[in-house]
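What follows is the residue order along each chain.
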Amino acid sequence: MPDGSIVNKTQAGVTTLDALIIGAGFSGLYQLLSLRDKLGLKAKVVEAGDGVGGTWYWNRYPGARCDSESHSYSYYFDKELLEEWQWSERYPGHAEVVRYLNYAADKLDLKRDIHFNSKVLSAHYSQSENKWIVKTEDGREFVCTYLITAVGCLSSTNIPKFPGHESFEGEWYHTGQWPHEGVDFKGKRVGQIGTGSTGIQAVPVIAETAKHLTVFQRTANYSVPAANGPLSPDFQKYVQENREAIKKTIQTTPNGHPFVISERKVFDVDDEEREKIFEEAWTKGGLGFRACFQDIAFDKKANDVAADFIKRKIRSIVKDPETAKKLTDIDHPYATKRPPIDTNYFETFNRDNVTLVDVKAAPIEAITPKGVKTQDGEYELDILVFATGFDAMTGPLLNIDIQGRDGVKLKDIWEEGPKTYLGLQVAGFPNLFTVTGPGSPSVLCNMPVAIEQHVEWIRDCISYLEDNKISSIEATEESMQRWVEHVNDAANVTLMPHAKHTWYYGANVPGKPRVFMPYAGGMARYRAICADIAKQKYPGFKLGNGKHGQSYTPPKISVDDLVEAAMVKGPGV
Ligand code: N01
């Protein structure tokens, strides 16, 4: 029971703060700036790694690259940051993103308030003091009024529990905890489990140096070429000259990307015209492929046509018909799982040193001292790569022992699935804010765009509390319940429920409750809802001045709403 145990503020090793932020990625850095420099609060960040970067600090696997276009994958809150930084490629590699975040942290003088190598173990709310007590693995203790988690959605690795794993005599790695010194695949027999966005990026790069690469595929996946490459001087000039217009586009499109969704529908055009449009979108590459028709995300028949186009492309690339068959045996509509983009993924299966193994047909039975044993036999390996994803959205939060009012554990509140209000707060956890938490659009969006909105909303909310001498803010049970229903309603108007085995539903982690976690109503709609709530002085929240915010019912959502939201006009590059 945390209450009463602190608050000997003179105790050595205890730091008293207004706000503590957990994590030094995109969110944590901007949250520190906005609380420390904008509001003048005493704020610090604790970060488990020894540098800034968050996701990009840990995910250094071969081929790790952002799939948002670099000119939109930036902080837009600071004109100087935008003008000074020049991305080199259409999609930045992990090292360039880490360089960018270091540049931003140095320029904004943030590092002096970040404790690195400091992993948070617990965060307990003391009701009598109205404070959070946070303890770290390296023995630090913080007492703070506001606690903000900026822990990312995809930072808790998922390593499936295969029998015999500990007996493996070779080396093994998870892509999300990649050694900073890199891994040498030269002359090695490598196995990779997983063909999600990560696996699809890693395969072509590993294959270049490995003696042999065996790819264990459980679910075949769509992928569209990234068409990555250096940014031309003309494009860089265009970006510099159109900053404001690009900002407007990314802040008003449903997914925070800079491309504009077409107004035409798949069956508005004849077969020949449609093929031409798909072909152009394929050549242009990137996530914008799904935007070449308005209805791919909502209409199953339209989606089938897009899916068929991609499958025909895969068959035309992959020479061996058996391998092509395995790669095109896809069991879900296009983009109902996170759609990857790639550089030579399907082409890599034409190499002599690459084999595709279908582990849906013949599942993995065990890891042996020599390699991986499936129902069809044993594959001998020197190195095993787990590209098996993450305990997404909830994992990073539940890895911390978070206890709210009356010692209630977040883990218990979320036993049947995560419940939040706006993805930002949980009833029973006063003054705790969860940037990109479950129930937020975050992972369905270009992340920095979502992050800037969350951080600024939290900053403004805390500013309102401070200005009005309100000691706390806490979501009500009712508003949380209504938001969870709204998150489900939003998912149900898309095609996403056609793929119930995705990490969006928590289905990749055995035993995890099956609940659709991100908000699929679109970033623009979410932004408007959050702004409305702030404008109305926080309905749906209980405020520490004794005022009960009236309840808030999110507006009903339909396919038409999503289509309307998608029809935003902007420069769209
Ligand atoms: O993880 P995933 P990821 N036996 O969960 C397989 C973001 N991201 O790291 O589909 C056999 O998507 C699993 O198979 P199945 C992006 O949001 C962004 O690839 O469950 N296989 C699947 O093939 C993305 O969505 C970028 O049947 C097993 C794979 O492992 C998210 O991160 C780049 C298995 C896991 O795919 C996660 O992507 C990369 C088992 N027991 C990632 N367990 C950017 O560009 C799992 N698998 C920014």
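Here goes a summary of the coordinates provided. (Residues numbered from 1 in each chain as written. Predicted model: local features only at pLDDT ≥ 70, side-chain atom pairs only at ≥ 80, totals over all residues. Heavy atoms only, no water.)

Observations concerning the sheet that holds strand β8 (residues 189–193)
With parallel pairing, 5 strands are arranged side by side in an open sheet as β7-β16-β8-β9-β12. The outermost strands of the open sheet, each flanked by one partner alone, are β7 (171–174) and β12 (354–358). The sheet shows a mean angle of 20° between the axes of neighbouring strands, taken without regard to direction. Taken together, the 4 bridges between β8 and strand β16 (residues 383–386) define a ladder with parallel strand orientation. If you follow Gln192 over to β16, its bridge partner there is Val385. Contacting β8, β9 (212–217), β12 and β16, helix α5 (residues 197–209) crosses the sheet at an angle of about 170° to β8. Those strands touched by helix α10 (residues 321–328) are β9 and β12, and its axis lies near 50° from that of β12. (Pairing = 2+ DSSP bridges. Helix = DSSP H or I, 4+ residues; strand = E, 2+ residues; numbered from the N terminus. Axes fitted to C-alpha atoms, helices over the stretch in contact; angles between N-to-C directions. Contact = heavy atoms within 4.5 Å.)

Quick notes on the site of the ligand
With respect to spatial proximity, 24 residues lie near the ligand, and among them Arg65, Thr198, Arg218, Thr219 and Lys337 are the closest. In this structure, Arg218 approaches the ligand through a side-chain N or O atom, which is 2.9 Å from an oxygen atom. Residue Arg338 places a side-chain N or O atom 3.3 Å away from an oxygen atom belonging to the ligand. Contact with the protein chains hides 89% of the accessible area of the ligand, taken as 910 Å² for the molecule alone. A breakdown of the residues in the shell around the ligand according to their chemical character gives 10 nonpolar, 9 polar and 5 charged. (Near = heavy atom within 4 Å. Polar contact = N/O pair within 3.5 Å; in protein donor to acceptor, adjacent residues only side chain to side chain. Areas by Shrake-Rupley, 256 points an atom, 1.4 Å probe, with all protein chains shown as cover. Nonpolar A, V, L, I, M, F, W, Y, C, P; charged D, E, K, R; others polar.)

Notes on the side chain of Ser156
The topology assignment puts Ser156 in the loop between β6 (141–149) and β7. Given the relative accessible area of 8%, Ser156 is considered buried. At 3.1 Å, the side chain of Ser156 and the side chain of Asn399 are in polar contact. What Ser156 contacts, discounting residues up to four positions off in sequence, is Phe390, Asp391, Gly395, Pro396 and Asn399. (Buried < 20%, exposed > 50% of the residue type's maximum accessible area, 1.4 Å probe, protein only.)

A word on the pattern of salt bridges
As enumerated under the stated definition, the model contains 30 salt bridges in all. Residue Asp271 is joined to Arg274 by a salt bridge in which the shortest nitrogen-to-oxygen separation is 3.0 Å. Residue Asp271 and its partner Arg274 are located together in helix α8 (residues 271–284), separated by 3 residues, close to a single helical turn. For Asp271, a relative accessible area of 57% gives the class exposed. On the basis of relative accessible area, Arg274 is assigned to the buried category, the value being 11%. Close ionic contact of Glu279 with Lys313 constitutes a salt bridge, the shortest N to O distance being 2.7 Å. Placement of the pair is Glu279 in helix α8 and Lys313 in helix α9 (residues 300–317), with a sequence separation of 34 residues. Each of Arg36, Asp37, Lys44, Asp109, Arg112 and Asp113 takes part in salt bridges that share partners, so that together they form one network. (Salt bridge = Lys/Arg side-chain N within 4 Å of Asp/Glu carboxyl O.)

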